[in-house]
Amino acid sequence: MSTTTPSPTAPGPAAGPVTVLRDVRPWGGERSDLHVADGVITAVVPHDPAAQGASTAEGAAPGVVDGGGLLALPGLVNAHAHVDKSWWGKPWVSYGGEPGTQGRIAHERAHRDELGIPGVDVTLAVLRESVRTGTTAVRSHVDVDLGVGVRGIEVVREAVAALGGAVHAEIVAFPQDGVLRRPGVLDLLDQAAAAGAEHIGGLDPASIDRDPVGQLDGLFAIAERRGVGIDVHLHDGGELGAFQIELMIDRTVRSSLQGKVNVAHGFAVGQLAGSRQADLVAAMGDAGITMTTVAPIGAAPLPLHALRAAGVAVGLGTDGIRDLWSPYGTGDLLTLTTQLARLSGFRRDEDLVTAARIASADAARFVGRPVHDLVVGAPADVVLVDAQNVPDAVVRAPRRALVIAAGRVVARDGEVLV
């Protein structure tokens, strides 16, 4: 059953930082109080209803927020987004162009300017919607190409800054239109890395550039020189996809970039069977390669348990949100967690909790954090929902009653306060 306490009270946008989040159930456990200082959780203690300073005659004491016994999750982590591409908040844009990766690239290139993409206003709109539904950290791929240069990265940074800490973001400089087939893109990726992008991206080295060795050699050279990570979109399936992952494994080890290379999508991993899959997953784990998925309907699901057992961290992301690639997507990562669980055949409580962890605490590394959880030393990023337990929250994805980011209330009952 759901809790019967009233919705939590929270300060408005002009209020100061949260100092105590009282009476919440971290991960569905015992009622606790989370103490916060400088945007970081400093203590997690059993809730004491009789504790002094809980309220004043006028209501909640400054900095004290009453969680009303609601279930608390860490802020959700969108590990694979494209926040520079969305037309969220604009009039409806009808789907057009040709299907397939190349068809979508061409359609986007033809129409993005008329929609103001990339633009601070559209990026801010989709980030605010993400915050509203509980996302407090994001790894976003941002297009870097001969048309926009590296301008999109500055757009995303400006939008993130406008939210005043409501969302933490890391950037992947992403060559959506290819790398080697567009002379000059490698130089742009290098410029982006030198200017502070945390990662550089790649795209189907075989089927887009037709030169998997050349694309990966170029990306790894930049990563070694600039000390950044690599995050490659890999849609190629079957043995072709597996071959490219093996190339990444080899280069990761030779370059000593363990823990800094990610395979996004990686449909091939879900398509391989038996020992072939097991061997590839084991090799990825040994090389410290991670994976991100967008839980796509119709694709072979990733072997999440096998990946995690092999030490391959897995993150969950929305991919594009209402953009020129597809009209679908809402930015609601908890609803996407429900989809991930269903596509993975998760029904047992422990599996549903695993899905929630993939979307939150276990995704810390995808946004450059050593820890992202409801524990001492973690950023005070908290989402409250009215649910019995974590499995209930995953299968229902109830409305986010309260969202706290870096120790500040940023959304309440569906209203964004920043």
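Higher on the page you've got the structure.
If you're wondering where the values come from, they're calculated on a predicted model, not measured in any experiment.

Visitor: Any details on the overall build of the protein? Residues and values, ideally.
Guide: Of the regular secondary structure elements, the protein holds 12 helices and 19 strands. Taken against the 2.2 N^0.38 rule, which gives 22 Å for 418 residues, the C-alpha radius of gyration of the protein at 21 Å falls within 12% of a compact globule. With the principal axes as the frame, the protein shows a C-alpha extent of 70 × 50 × 40 Å. Looking at the protein residue by residue over its 418 residues, the buried ones come to 56%. Nonlocal contacts in the protein, meaning residues at least 24 apart in sequence, comprise 75% of its contacts between residues at least 6 apart. A total accessible area of about 16,000 Å² is found for the protein, and carbon and sulfur atoms account for 53% of it. Where the 35 positive side-chain charges of the protein centre and where its 48 negative ones centre are 2 Å apart.

Visitor: Can you tell me about helix α8 (residues 274–287), naming the residues and giving the values?
Guide: Residues lying three or four places apart along an α-helix face the same way, a consequence of the helix completing one turn every 3.6 residues. Helix length check: α8 (14 residues) gives 20 Å between terminal C-alpha atoms against 20 Å at 1.5 Å per residue, within 8%. Those residues of α8 lying buried are Gln277, Leu280, Val281, Met284, Gly285 and Ala287. Within two residues after α8, Gly288 carries a phi angle of roughly 70°, on the positive side.

Visitor: So what's going on with the environment of Gly201? Residues and values would help.
Guide: Here Gly201 shows up in strand β11 (residues 199–203). Take Gly201: its relative accessible area is 0%, and that puts it in the buried class. Gly201 sits 60 residues away from Val261 along the chain, and the two C-alpha atoms are 9.7 Å apart. Dropping the residues within four chain positions of it, Gly201 is found in contact with Val172, Ala173, Pro175, Leu189, Leu219 and Asp231.

Visitor: Please provide a residue-by-residue account of helix α5 (residues 212–226), values included.
Guide: The first and last C-alpha atoms of α5 sit 21 Å apart over 15 residues, in line with the 21 Å expected at 1.5 Å per residue. Residues Pro212, Gln215, Leu216, Gly218, Leu219, Phe220, Ile222 and Ala223 constitute the buried set of α5. Tucked into the core, α5 has its buried residues touching α4 (185–194), β11, β12 (229–234), α6 (238–254) and β13 (261–265). Where α5 terminates, the next one or two residues include Gly227, which has phi positive at roughly 70°.

Visitor: Describe the sheet that holds strand β15 (residues 314–316), and please don't skip the residues or the numbers.
Guide: Read across the open sheet, the eight strands follow the order β8-β9-β10-β11-β12-β13-β14-β15; overall the sheet is parallel. Two strands lie at the open edges of the sheet, namely β8 (76–81) and β15, each paired on one side alone. Taken pair by pair, the neighbouring strands of this sheet meet at an average axis angle of 25°, ignoring direction. When β12 meets β13, the two strands line up parallel, connected through five bridges. Its bridge partner lying in β13, His233 is registered against Ala264.

Visitor: Explain the packing of α6 against α8 residue by residue, including any values.
Guide: What describes two packed helices is the angle between their axes and the distance between those same axes. Interaxial distance between α6 and α8 falls to 9 Å at its minimum, and their mutual angle equals 25°. By the angle between their directions, the pair α6 and α8 is classed as roughly parallel. Crossing of α6 over α8 shows left-handed handedness. Where α6 abuts α8, its residues Glu239, Ala242, Ile245, Glu246, Ile249, Thr252 and Val253 lie against Arg276, Leu280, Ala283, Met284 and Ala287. When its residues are assigned to classes, the contact of α6 with α8 shows eight nonpolar, one polar and three charged.

Visitor: An account of the side chain of Thr337 is requested, with residue identities and associated values reported.
Guide: Structurally, Thr337 can be placed in helix α10 (residues 333–343). For Thr337, a relative accessible area of 0% gives the class buried. Ignoring any residue separated from it by four or fewer positions in sequence, one finds Thr337 in contact with Leu316, Ala355, Ala356, Ala359 and Val394.

Visitor: Describe unusual backbone geometry, with residues and values.
Guide: Each neighbour pair has its own omega, and for Ile117 with Pro118 the value is 0°, a cis peptide bond. Within the element layout of this structure, Pro118 appears in the loop between α1 (100–111) and α2 (120–132). Of note, His265 is a non-glycine position whose phi angle comes to about 75°, a positive value. Along the polypeptide, His265 turns up in strand β13. Judged by relative accessible area, which is 5%, His265 ranks as buried. One non-glycine residue with positive phi stands out, namely Asp413, at about 50°.

Visitor: Could you give me a rundown of the packing of aromatic side chains, with the residues and numbers involved?
Guide: If you walk through the whole model with that rule in mind, you get one aromatic pair. Here the aromatic rings of Trp87 and Trp92 are separated by 5.3 Å at their centres, their planes lie at 90°, and the arrangement is edge-to-face. With a relative accessible area of 56%, Trp92 lands in the exposed category. Over the aromatic face of Trp88 sits the side chain of Arg322, whose NZ or CZ is 4.8 Å from the ring centroid.

Visitor: Tell me about the pattern of salt bridges, and please be specific about residues and values.
Guide: As enumerated under the stated definition, the model contains 26 salt bridges in all. With a shortest N-O distance of 3.1 Å, Arg157 and Glu154 are connected by a salt bridge. Here Arg157 and its partner Glu154 are both found in helix α3 (residues 151–162), three residues apart, which amounts to about one turn of the helix. The exposure class of Arg157 is partly exposed, given its relative accessible area of 28%. Where Arg251 meets Asp217, a salt bridge forms, and the shortest distance between an N and an O atom there is 2.9 Å. You can see Arg251 sitting in helix α6 and its partner Asp217 sitting in helix α5, a full 34 residues away along the chain. A single network of salt bridges, built from pairs that share partners, joins Lys85, Glu108, Arg109, Arg112, Asp143 and Asp145.

So, how was this worked out
- Residues numbered from 1 in each chain as written.
- Predicted model: local features only at pLDDT ≥ 70, side-chain atom pairs only at ≥ 80, totals over all residues.
- Heavy atoms only, no water.
- Helix = DSSP H or I, 4+ residues; strand = E, 2+ residues; numbered from the N terminus.
- Rg over C-alpha atoms; globule rule 2.2 N^0.38 Å.
- Buried < 20%, exposed > 50% of the residue type's maximum accessible area, 1.4 Å probe, protein only.
- Contact = heavy atoms within 4.5 Å.
- Areas by Shrake-Rupley, 256 points an atom, 1.4 Å probe, with all protein chains shown as cover.
- Lys, Arg positive; Asp, Glu negative; His and termini not counted.
- Charge placed at Lys NZ, Arg CZ, Asp CG, Glu CD.
- Expected span 1.5 Å × (residues − 1).
- Pairing = 2+ DSSP bridges.
- Axes fitted to C-alpha atoms, helices over the stretch in contact; angles between N-to-C directions.
- Parallel < 35°, antiparallel > 145°, perpendicular 65-115°, else oblique.
- Left-handed = near helix turned anticlockwise from the far one by under 90°.
- Nonpolar A, V, L, I, M, F, W, Y, C, P; charged D, E, K, R; others polar.
- Phe/Tyr/Trp six-rings, centres within 6.5 Å; stacked < 30°, edge-to-face > 60°.
- Lys NZ or Arg CZ within 6 Å of the ring centre and 35° of its normal.
- Salt bridge = Lys/Arg side-chain N within 4 Å of Asp/Glu carboxyl O.

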